[in-house]
Amino acid sequence: MASKICFSLALGLLLAVAAAARAQSVRYVELPRDVIEERLRQYAGPDPARGANVKKLFREAGCSGEHLAEQPVARASAPNVLCILPGVSRRVILVGAHFDHAPEGEGVADNWSGASLLPSLYQSLNSAPRRHTFVFVGFTDEETGFSAPALTPTGSQRMILPGFRP
Ligand SMILES: [Zn+2]
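These remarks concern the structure in this document.

Rules used in this analysis
Residues numbered from 1 in each chain as written. Predicted model: local features only at pLDDT ≥ 70, side-chain atom pairs only at ≥ 80, totals over all residues. Helix = DSSP H or I, 4+ residues; strand = E, 2+ residues; numbered from the N terminus. Buried ≥ 20, exposed ≤ 12 C-beta atoms within 10 Å, placed from the backbone. Pairing = 2+ DSSP bridges.

### Remarks on the overall build of the protein
Broken down by element type, the protein carries six helices and four strands. Mapped in sequence order, the helices and strands of the protein form the string α-α-α-β-β-β-α-α-β-α. Across the 166 residues in the protein, those meeting the buried criterion constitute 37%.

### A short note on the pairing of strand 2 (residues 80-85)
With six of its six residues buried, strand 2 lies for the most part within the structure. Of the two faces of strand 2, both are covered, the one formed by Asn80, Leu82 and Ile84 as well as the one formed by Val81, Cys83 and Leu85. Bridge analysis of strand 1 (residues 68-71) against strand 2 gives four bridges, and the strand direction is antiparallel. When the bridges of strand 2 are listed, Ala69 appears paired with Leu82. Alignment of strand 2 against strand 4 (residues 133-139), held across five bridges, turns out to be antiparallel. When the sheet's bridge partners are listed, Leu85 is paired in strand 4 with Phe134.

Below, the structure is given as structure tokens:
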């Protein structure tokens, strides 16, 4: 059931981004299929290694410096990983997927398929100016206790958006 919810969330996010792209003529580059497939293959290892892989893939995709950050989450096995793509408006579009997995199986569909896609989405949108800021988040420990509440305003917006001044 968790995988259906995750897939629905990821699909919903992709459709929302696609709809926004159509409505506002967002410019993006289409990445080669083999780049996306190579990122999808990097699911191996325990959750902290998968989180480190998300960060590495963000770096490879061009996200670095103050735009790439980790957000510690209490009692989680690894931090959330954030990549910020600044825009010029005060609006922020959050695009997230979790990189941790349940003990059964490899967790490729649920949800490395989503987490490994985040750097590619960043890379696609980074090629042209954009109006709104995008924050891409690789979430930790979704399978054991959802980590998103740490991103709510009660969780210090400054901490989750280092270097971002709305
Ligand atoms: Zn899941």
